[in-house]
Protein chains: 2
Amino acid sequence: MDTENRTETLEAQVKAFFDSAPPLHNSHEITQKLNQFIQRNSSSSENGEARRIVCVTSGGTTAPLEQRCVRYVDNFSSGHRGATSTEYFLKAGYAVIFLYRRGSFQPFCRSLPEDPLLECFEPTNDLNIQVRKDYSKAVKSAIVDHHIAVAGGHLLKLPFSTIFEYLQMLQIIGTSTRCIGPRAMFYLAAAVSDYYVPWKDMVEHKIQSGSHLLDVKLVQVPKMLSVLRKDWAPLAFCVSFKLETDSSILLNKANAALERYKMHAVVANELSTRKEQVLVTTGVEKITVRRDNSESANDVEKPLIKLLSERHATYIEDSSR
Amino acid sequence: MDTENRTETLEAQVKAFFDSAPPLHNSHEITQKLNQFIQRNSSSSENGEARRIVCVTSGGTTAPLEQRCVRYVDNFSSGHRGATSTEYFLKAGYAVIFLYRRGSFQPFCRSLPEDPLLECFEPTNDLNIQVRKDYSKAVKSAIVDHHIAVAGGHLLKLPFSTIFEYLQMLQIIGTSTRCIGPRAMFYLAAAVSDYYVPWKDMVEHKIQSGSHLLDVKLVQVPKMLSVLRKDWAPLAFCVSFKLETDSSILLNKANAALERYKMHAVVANELSTRKEQVLVTTGVEKITVRRDNSESANDVEKPLIKLLSERHATYIEDSSR
């Protein structure tokens, strides 16, 4: 297939995807919130410079198998990477649009147990409540830091569940950030479904369990990274992720993604070592980023966000020449 | 197919399922916890009677599509029914084994927002934390009531994610409760996968997304309700659930389940009205249970648990004759 044909095919696939998607609930409200957030953070701050804005996507998307959804195909992703990165982006002075899967990890809460309310608090003798001693520092900083980011207007949280919601919202965010050009970054850490069942092909009711075999046929989700780069936010700095369980094919897949979707950087990570190290490829560079075990806050995201923030700064400078 | 052949087939299916399942993590610890819990609640209490014990299953199970699981098929279920019912079972004097999907609703927490720690608390001026006024009553009673149930030894919580974990744990619970005979109840509110990919048929690594179509072939999960009734806990009082989105087939499906799996009661509910009313069928009776809107705590689970607790009491009496 030559390039022109492939482009036509992609455009048709994208159109089919959005045409078939169920309308996004409260899209008007989301657009309004976004515009306010971008405007607020684009006016000059204390130090005379406008904030850079990053959209961090986080957690896995679902692909429903039924319109009145009982069953769906899901992608495993705790959202730990996205939540942690959001904290470091905020520390680096970014405003963050956190596009996250409902129920996945939230920024500032990753050192807490799964069910923090029931695990971290206990009744007092007079049937009041108090924080358990072991968690007192973690709970306090989670609530305070989160509050400062949200109330300060630097963190906007937008939840999704399905692949339809995710891509519709990414489109809105993309087009909303066009006005700030290269000052926008997309940090696409969400685990997005590769396959889906087009809405119109779905059965309305719950699939009946009569037969011994269930054969589910899914079609490929159009490669929206290309569309984000080309149409939605052509000037933004774009970073995507490649996760594999098989390290032998990882770098090739990351390089292929870089070229195919015209990303500015691809972060390659292997499932079993992803909290220790990642490999950032930019086409000209190939940088292994490791977490620094000599520090107390030793996340691999700390040096990763530092690197990407520097590359983004250079990119903005180059764009203004 | 005649009955004998069907039984043989089921036995073979069950064997194949458990033989192929990945070994349950910490099964020894779970068994120990269970035995202690059952023993503690089986000795006579204050009023001279041993507590009845109910196993409430809650939330949906996942069916992994890959051994190093990135993708899986999931069943929608918030776990609201199971969590709410657990509260009413505890109030009715039962000890509850709460077998729940990780991340699903927890007893005593259903009136709280999705992310209670970040939503219900706020920093004070001196950077300490406090409960937001609107949530003060709900947060306090969630923590206190939950603590009383767990610390009092009447609530044992066991989490699962996959269909393999769920059925392995249900088997352990079933065989562990045999010793209390008819005093055990199974209240099977979890949304269990009807289909799964046998572990040995799964690819080890992440499915590659090269091709335009993904064809996922799943086989039926063996009907374990029959095995629970026949082998694991033959004297226990068993209640299963039937959820459909299509009300026209609901009652027939519920009656079929009652007969096929030899349940003592089947609770039939339709997706859109399930919080308002359910239909309980026992073969001889067909009772519509509606929530009482004149009360303040107006859950449909309140009259439902009352009804089932009464039927269970009668069942215990009949068994001792």
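Attention here is on the structure that accompanies the text. Bear in mind the structure is a predicted one, so any value in this text is a computation, not a measurement.

## Thoughts on the overall build of chain A
Phase 1 of the analysis: Along chain A, the regular secondary structure elements total 9 helices and 14 strands.
Phase 2 of the analysis: The C-alpha radius of gyration computed for chain A amounts to 21 Å, which stays within 12% of the reference 20 Å derived for 321 residues, consistent with globular compactness.
Phase 3 of the analysis: With the C-alpha coordinates aligned to their principal axes, the bounding extent of chain A is approximately 65 × 60 × 45 Å.
Phase 4 of the analysis: The 321 residues of chain A split such that 53% are buried.
Phase 5 of the analysis: For chain A, restricting intrachain contacts to residue pairs at least 6 apart in sequence, the fraction spanning at least 24 positions comes to 70%.
Phase 6 of the analysis: Accessible area of chain A: about 14,900 Å², with a carbon and sulfur share of 49%.

## Quick word on the pattern of salt bridges
Residues and elements named next belong to chain B.
Phase 1 of the analysis: Applying the stated criterion across every chain yields a total of 32 salt bridges over all chains.
Phase 2 of the analysis: Residue E11 is joined to K230 by a salt bridge in which the shortest nitrogen-to-oxygen separation is 4.0 Å. Linking E11 in helix α1 (residues 3–20) with K230 in helix α7 (residues 224–232), this pair joins segments that are 219 residues apart in sequence.
Phase 3 of the analysis: Across the pair E276 and R291 runs a salt bridge whose closest N-O atoms are separated by 3.3 Å.

## Description of the interface of chain B and chain A
Phase 1 of the analysis: With 63 residues of chain B in contact, the opposing surface of chain A contributes 63 residues.
Phase 2 of the analysis: When chain B packs against chain A, close to 5,800 Å² is buried across both sides, 59% of that on carbon and sulfur atoms.
Phase 3 of the analysis: At the junction of chain B and chain A, the tally comes to 4 salt bridges.
Phase 4 of the analysis: K217 of chain B is the salt-bridge partner of D215 of chain A, the closest N and O atoms lying 3.9 Å from each other.

## Quick look at the sheet that holds strand β2 (residues 62–64) of chain A
Phase 1 of the analysis: Here 4 strands make up an open sheet; going across it, the order is β2(A)-β3(A)-β3(B)-β2(B) and the pairing antiparallel. Looking at which strands have only one partner, the edges of the open sheet turn out to be β2 of chain A together with β2 (62–64) of chain B. Averaged over all adjacent pairs, the angle separating strand axes in this sheet is 25°, with direction ignored.
Phase 2 of the analysis: In this structure, β2 of chain A lies alongside strand β3 (residues 71–75) of chain A, joined through 3 bridges in antiparallel fashion. Residue pairing across strands places A63 of chain A opposite V73 of chain A, the latter belonging to β3 of chain A.

## Section: the relation of the copies chain B and chain A
Two chain copies, one operation linking them: a rotation about an axis together with a shift along it.
Phase 1 of the analysis: For the match of chain B to chain A, the screw axis carries a shift of 0.0 Å, the RMSD comes to 0.0 Å, and the turn is 180°. As the rotation angle and translation indicate, the two copies are arranged about a two-fold axis. Proximity to the rotation axis, assessed at the C-alpha, singles out V73 of chain B in chain B; its C-alpha lies 2.1 Å from the axis.

## So, helix α8 (residues 250–261) of chain B
All names here are of chain B.
Phase 1 of the analysis: Across its 12 residues, α8 extends 16 Å between first and last C-alpha, which sits within 8% of the 16 Å expected from 1.5 Å per residue.
Phase 2 of the analysis: Taken as a whole, α8 has its buried residues at L250, A254, A257, L258 and Y261. Considered in projection along α8, the buried side chains sweep an arc of 105° and stay on one side of the axis. For α8, the exposed residues lying more than 90 degrees away from the buried face are N252 and E259.
Phase 3 of the analysis: Buried residues along α8 sit in contact with α7, β11 (237–244), β12 (265–270) and β13 (277–281).
Phase 4 of the analysis: Phi for K262, located one or two positions after α8, is positive at around 55°.

## Here we look at the packing of helix α6 (residues 163–176) of chain A against helix α7 (residues 224–232) of chain A
Residue and element names in this part refer to chain A.
Phase 1 of the analysis: Relative to each other, α6 and α7 sit at 25°, their axes nearing to 10 Å. Classified by the angle their axes make, α6 and α7 are roughly parallel. In this structure, the crossing between α6 and α7 has a hand that is right-handed. Residues L167, L170, Q171, G174 and T175 of α6 touch α7, and the partners they reach there are M224, L228 and W232.
Phase 2 of the analysis: Class assignment of the residues belonging to the contact of α6 with α7 gives a composition of 5 nonpolar, 3 polar and no charged.

## Quick word on the pairing of strand β8 (residues 184–188) of chain B
All names here are of chain B.
Phase 1 of the analysis: In terms of burial, β8 is a largely internal element, 5 of the 5 residues being buried.
Phase 2 of the analysis: Judged by which residues are buried, β8 turns out to be covered on both faces: A184, F186 and L188 on one side and M185 and Y187 on the other are all buried.
Phase 3 of the analysis: Bridge count for strand β1 (residues 53–58) against β8 is 5 bridges, and the pairing is parallel. Directly across from C55, in β8, lies its bridge partner F186.
Phase 4 of the analysis: Sheet analysis places β8 next to β11, joined by 4 bridges and oriented parallel. Following the sheet pairing, Y187 is matched in β11 by V239.

## Digging into the sheet that holds strand β13 (residues 277–281) of chain A
Residues and elements named next belong to chain A.
Phase 1 of the analysis: Strand order in this open sheet of 8 strands is β7-β4-β1-β8-β11-β12-β13-β14, and the pairing throughout is mixed. Edge strands, defined here as strands with exactly one partner in the open sheet, are β7 (155–160) and β14 (286–290). Averaged over all neighbouring strand pairs, the angle between strand axes comes to 15°, with direction disregarded.
Phase 2 of the analysis: Where strand β4 (residues 95–101) meets β7, 6 bridges bridge the pair, whose relative direction is parallel. The residue bridging Y100 from the neighbouring strand is P159, located in β7.

## Points about helix α2 (residues 27–42) of chain A
Owing to its 3.6 residues per turn, the α-helix aligns residues three or four sequence positions apart on the same side.
All names here are of chain A.
Phase 1 of the analysis: Compared with the 22 Å implied by 1.5 Å per residue over 16 residues, the 22 Å span of α2 between its first and last C-alpha is a close match.
Phase 2 of the analysis: Among all positions in α2, only I30, L34, F37, I38 and N41 are buried. Taken down its axis, α2 places every buried residue within 95° of arc, on the same side. Exposed residues lying more than 90 degrees from the buried face of α2 are H28 and Q39.
Phase 3 of the analysis: Residues of α2 that are buried sit in contact with β1 (53–58), β4, β7 and α6.

## Overview of the nonpolar core
Phase 1 of the analysis: Membership of the largest hydrophobic core comes to 116 residues, with the highest contact counts inside it found for F186 of chain A together with F186 of chain B.
Phase 2 of the analysis: Among residues more than four places away in sequence, those in contact with F186 of chain B are C55, L170, I173, G174, T177, L228, A233, A236, F237, C238 and V239 of chain B.

## Observations regarding the pairing of strand β4 (residues 95–101) of chain B
Residues and elements named next belong to chain B.
Phase 1 of the analysis: Here β4 lies mainly inside the structure; 7 of its 7 residues are buried.
Phase 2 of the analysis: Across 6 bridges, β1 lies against β4 in parallel orientation. Across the sheet, the residue bridging to I53 is A95, located in β4.

## With respect to the packing of aromatic side chains
Residues and elements named next belong to chain A.
Phase 1 of the analysis: This structure, assessed with the given rule, holds 23 aromatic pairs over all chains.
Phase 2 of the analysis: Joined through ring pairs, the aromatic side chains of F17, F18, F164, Y196 and W232 make up one cluster.
Phase 3 of the analysis: Over the aromatic face of Y100 sits the side chain of K157, whose NZ or CZ is 5.8 Å from the ring centroid.

## What about the packing of helix α3 (residues 80–91) of chain B against helix α9 (residues 301–319) of chain B?
Residues and elements named next belong to chain B.
Phase 1 of the analysis: Two elements in contact, α3 and α9, have axes separated by 9 Å at closest approach and are oriented at 55°. Judged by the inter-axis angle, α3 sits oblique to α9. Note on packing geometry: the crossing formed by α3 with α9 is right-handed. Residues R81, T84, S85, Y88 and F89 of α3 form the contact with α9, whose own contacting residues are E301, K302 and I305.
Phase 2 of the analysis: By residue class, the composition of the contact of α3 with α9 is 3 nonpolar, 2 polar and 3 charged.

About the criteria used
Going along each chain's sequence as written, the residues are numbered from 1 onward. Chain A is the first chain written and ligand 1 is the first ligand written, with later ones labelled in order. Selection of residues for local features in this predicted model requires a pLDDT of at least 70, selection of side-chain atom pairs for listing and counting requires 80 or more, and totals for whole chains, interfaces and linings are taken over all residues. To get the side-chain values, take all heavy atoms of the structure and skip hydrogens and water. Think of it this way: any DSSP run of H or I at least four residues long counts as a helix, any run of E at least two long counts as a strand, and we number them from the N terminus. The size measure is the radius of gyration over C-alpha atoms, and the globule rule it meets is 2.2 Å times the number of residues to the 0.38 power. Accessible area is worked out with a 1.4 Å probe on protein chains only. A residue is then buried under 20% of its type maximum, exposed over 50%, and partly exposed in between. By definition in these notes, contact holds between two residues if any of their heavy atoms fall within 4.5 Å. Only the protein chains shown count as cover for residues, with accessible areas throughout obtained via the Shrake-Rupley method and a probe of 1.4 Å. When a carboxyl oxygen of Asp or Glu lies within 4 Å of a side-chain nitrogen of Lys or Arg, that pair is called a salt bridge. Two parts placed together each lose some accessible area under a 1.4 Å probe, and adding up what both lose gives the buried area. Any two strands between which DSSP finds at least two bridges are classified as paired. To get an axis, fit a line to the C-alpha atoms, keeping to the stretch in contact for a helix; angles then go from 0 to 180 degrees between the N-to-C directions. Superposing copies: least-squares fit, C-alpha atoms only, residues required to have pLDDT of at least 70 in both. By this rule the span expected of a helix is its residue count minus one, scaled by 1.5 Å. When we speak of the arc, we mean the arc of directions from the helix axis to the C-beta atoms. Any angle between 65 and 115 degrees counts as roughly perpendicular, while under 35 counts as roughly parallel, over 145 as roughly antiparallel, and the rest as oblique. In this scheme the crossing of two helices becomes right-handed for a clockwise turn of the near helix relative to the far one and left-handed for an anticlockwise turn of less than a right angle. Amino acids are sorted into nonpolar (Ala, Val, Leu, Ile, Met, Phe, Trp, Tyr, Cys and Pro), charged (Asp, Glu, Lys and Arg) and polar (every other residue, Gly among them). The definition of a nonpolar core used throughout is a set of buried Ala, Val, Leu, Ile, Met, Phe, Trp, Tyr and Cys residues joined through side-chain atoms within 4.5 Å. Two rings from Phe, Tyr or Trp (for Trp, the six-membered ring) form a pair when their centres are within 6.5 Å of each other. A pair whose planes differ by under 30 degrees is stacked, one over 60 is edge-to-face, and the rest are tilted. Any Lys NZ or Arg CZ found within 6 Å of a ring centre and within 35 degrees of that ring's normal is scored as a charge over the ring.

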